[in-house]
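What follows is the residue order along each chain.
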Amino acid sequence: DDDLARLFHLRAMGLLPLPWLTVGDAEAALLEPDRATIAALIWRLLGARVWVKFADDDKARDWLEWGKRKARAATSTEWANVAGAMRRSGRLAPAAEALDRAFQAGESARAWYERGALLAAGKGDAVEAEAAFRRAIELDPADALPWNGLGFLLADPLKRFDDAEAAYRRAIELDPATEGADCTRMKLGELLEQQNRTDEAIEVYARASERNTPFRSFFQRQAARLKDRALVESARRAGHANDPTALREALQRLRAESADLAGTLVDEPFVEGVLAPALTQGTAARALLELLRELGFEPSARPLLLAFEAAIANRPQSLDDLEPEVQGAARRMFQRLTGGGKPPADR
């Protein structure tokens, strides 16, 4: 809180313009009477996730050299924060130099975290990066950042999904209320989706959407999208099993419960997963088309159903006389339904 008060005071005086903090900005701010306090504030700002960026390597190196001259008493954690600001700006070479200074000043959890993050950002040795994150956790088990970085690394490139999930969940448990935790929830949801654990991913997104954060609408959309995808999967399984009763029930539920019916009907799971396979069985495809129209799907997906009808009859030219606002979409749907073949040319 004290830092924020000082920051707003300095900003009101035109000092410390963020996020592009430069050496000159720091020098101007240090003309204030409380020089030591302001210097410490500037250094802490460099550990903020979004407040400070470096426009290029030269700007990062200017800051690095200024720190060597003016911040000789900086701790390992403070130098690691500088390295982190440089890493997040994509200035990896200066970040590595700042991190060397951090370890020269001593060992800290943040320095080990930044070593793991820098190795991961530079596509370095994943095993060494994992060891760095785990050392950071050993030094400060209550810090969510190393758990989060470890989860990213274990998910990709190491592909150790169970371990990645455990790391993500631990990071959320340690720091559940920040935007960083919301990013971790996103990655956890993606990881569960990747493993076809749809119900668990929906639960992650739904619980995250209960929080009043800037990401709330994103999580709501993700939960709705996966719920729709689960309904489409039920229809796909019913069609594959040749079970008309189950197919009708699945499509009725999709029609009644979908949060975004028009969007869901043109997504890959429905077009390529439900409709396209039915084209290999002419009778089943015609029955499916009739069922979709009977259940009231046409207003939400007219171009798709017209394309499906044309594909069943193998008559792409039937799309030529459609009104222009429908014709283009119908042709694109025909192309997808028939395996990417060239759609009929525009007239």
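1. Remarks on the overall build of the protein
Link 1 in the chain: Across its full length, the protein holds 19 helices and zero strands.
Link 2 in the chain: The C-alpha atoms of the protein give a radius of gyration of 28 Å, which is well past the 20 Å a tight globule of 347 residues would have.
Link 3 in the chain: Across the 347 residues that make up the protein, the buried fraction comes to 42%.
Link 4 in the chain: In the protein, of all internal contacts separated by at least 6 residues, the share reaching a separation of at least 24 is 53%.
Link 5 in the chain: Carbon and sulfur atoms make up 50% of the accessible area of the protein, which amounts to about 17600 Å² in all.
Link 6 in the chain: For the protein, the distance from the average position of its 49 positive side-chain charges to the average position of its 55 negative side-chain charges is 2 Å.

2. Considerations on unusual backbone geometry
Link 1 in the chain: Cis geometry is adopted by the peptide bond preceding P19, which originates at L18 and carries an omega value of 10°.
Link 2 in the chain: Relative to the helices and strands, P19 is located in the loop between α1 (2-12) and α2 (23-29).
Link 3 in the chain: Residue P157 is reached from D156 by a cis peptide bond, and omega for that bond is 25°.
Link 4 in the chain: Despite not being glycine, K123 has its phi angle at roughly 55°, a positive value.
Link 5 in the chain: Residue placement: K123 occurs in the loop between α7 (109-121) and α8 (126-139).
Link 6 in the chain: K123 gets classed as exposed once you look at its relative accessible area, which sits at 73%.
Link 7 in the chain: Even without a glycine there, the phi angle at K159 is positive, about 60°.

3. Considerations on the side chain of N148
Link 1 in the chain: For N148, the location among the structural elements is in helix α9 (residues 144-155).
Link 2 in the chain: Look past the residues within four positions of N148 in its chain and what remains in contact with it is Y168, A171 and T184.

4. Let's talk about the packing of α1 against helix α3 (residues 35-45)
Link 1 in the chain: As a packed pair, α1 and α3 sit with axes 11 Å apart at the nearest point and diverge in direction by 100°. By the angle between their directions, the pair α1 and α3 is classed as roughly perpendicular. Contact residues: α1 offers D3, R6, L7 and L10, while α3 offers T37, I38, L41, R44 and L45.
Link 2 in the chain: Classifying every residue of the contact of α1 with α3 by side-chain character gives five nonpolar, one polar and three charged.

5. Describing the packing of aromatic side chains
Link 1 in the chain: Counted by the stated rule, this structure contains nine aromatic pairs.
Link 2 in the chain: Residues W43 and W63 carry aromatic rings whose centres are separated by 6.2 Å and whose planes lie at 25° to one another, so their mutual orientation is stacked. Here W43 is found in helix α3, whereas its partner W63 is found in helix α4 (residues 57-70), with 20 residues between them in sequence. Each member of the pair, W43 as well as W63, carries the same accessibility label: buried.
Link 3 in the chain: Geometrically, the ring pair formed by F103 and W112 is edge-to-face, given 5.0 Å between the ring centres and 75° between the ring planes.
Link 4 in the chain: Taking relative accessible area as the criterion, F103 reaches 22% and is therefore assigned partly exposed.
Link 5 in the chain: Positioned over the ring face of F103 is R115, at 4.2 Å from the centre of the ring.

Definitions and cut-offs
- Residues numbered from 1 in each chain as written.
- Predicted model: local features only at pLDDT ≥ 70, side-chain atom pairs only at ≥ 80, totals over all residues.
- Heavy atoms only, no water.
- Helix = DSSP H or I, 4+ residues; strand = E, 2+ residues; numbered from the N terminus.
- Rg over C-alpha atoms; globule rule 2.2 N^0.38 Å.
- Buried < 20%, exposed > 50% of the residue type's maximum accessible area, 1.4 Å probe, protein only.
- Contact = heavy atoms within 4.5 Å.
- Areas by Shrake-Rupley, 256 points an atom, 1.4 Å probe, with all protein chains shown as cover.
- Lys, Arg positive; Asp, Glu negative; His and termini not counted.
- Charge placed at Lys NZ, Arg CZ, Asp CG, Glu CD.
- Axes fitted to C-alpha atoms, helices over the stretch in contact; angles between N-to-C directions.
- Parallel < 35°, antiparallel > 145°, perpendicular 65-115°, else oblique.
- Nonpolar A, V, L, I, M, F, W, Y, C, P; charged D, E, K, R; others polar.
- Phe/Tyr/Trp six-rings, centres within 6.5 Å; stacked < 30°, edge-to-face > 60°.
- Lys NZ or Arg CZ within 6 Å of the ring centre and 35° of its normal.

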